[in-house]
Amino acid sequence: MPEDPRAIRLDQFIAHPPAKVWRALTEPDLVSRWLMPGDIKAEAGHRFTFTTAPKEQVGFDGVVHCEVLEAEPEKLLKLSWRGGRDADWTVTWRLEPEGRGTRLFLDHEGFDPDDPTQQLSRRIMGGGWRSQHFRAIAEVAARL
């Protein structure tokens, strides 16, 4: 199947139960260890921001404005994700029990396939989600 230029779609087995992975995805002090500081709360309608270093090459000022669109404990967390010049995306985490661990799915959607800056963002973030963040989520879950 060809890669979708509108989305990042990944999954990874995490060797910890959904309850621990859910905590790593939804507790602000834990999320700040693997992603960015922010006042996330797993309640639909909750608005919050993440902050990090700006990325001038893609027009990102370092602030991500989010809203929790859906939250189903230990199963689903869907966020709106807005920042920079044109970023208006959704980030969805799905957790499925698998053996003694969790299959964690990520769908980061809404990239403009015709915008070179958005495609650069997709490539940068896709690499980061895959090589850095999934491993860090597992490390945070391991300490719980």
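Look above for the structure.
Residues numbered from 1 in each chain as written. Predicted model: local features only at pLDDT ≥ 70, side-chain atom pairs only at ≥ 80, totals over all residues. Heavy atoms only, no water.

1. Here's the deal with the packing of aromatic side chains
By the definition in use, this model includes eight aromatic pairs. Judged by centre distance (5.8 Å) and plane angle (45°), the rings of Phe 50 and Trp 81 are tilted. Remark: Trp 81 occurs in strand β4 (residues 76–83) and Phe 50 occurs in strand β2 (residues 47–51); sequence separation between them is 31 residues. With relative accessibility at 6%, the residue Trp 81 sits in the buried group. Here the aromatic residues Trp 34, Phe 48, Phe 50, Trp 81, Trp 93, Trp 129 and Phe 134 are joined through ring pairs into a cluster of three or more. Above the plane of the ring of Phe 105 lies Arg 94, whose end atom (NZ or CZ) is 4.2 Å from the centre. (Phe/Tyr/Trp six-rings, centres within 6.5 Å; stacked < 30°, edge-to-face > 60°. Helix = DSSP H or I, 4+ residues; strand = E, 2+ residues; numbered from the N terminus. Buried < 20%, exposed > 50% of the residue type's maximum accessible area, 1.4 Å probe, protein only. Lys NZ or Arg CZ within 6 Å of the ring centre and 35° of its normal.)

2. Description of the pairing of strand β6 (residues 101–109)
Counting buried positions along β6 yields eight of nine residues, so the element is predominantly enclosed. Pairing of strand β1 (residues 7–14) with β6 involves eight bridges; the strand directions are antiparallel. Pairing of Leu 10 across the sheet is with Leu 106, part of β6. Bridge analysis of strand β5 (residues 87–98) against β6 gives nine bridges, and the strand direction is antiparallel. Looking at β6, one finds that Thr 92 is bridged to Asp 107. A loop of two residues connects β5 with β6, the two strands running antiparallel in sequence, and Gly 99 in this loop sits at a positive phi of about 60°. (Pairing = 2+ DSSP bridges.)

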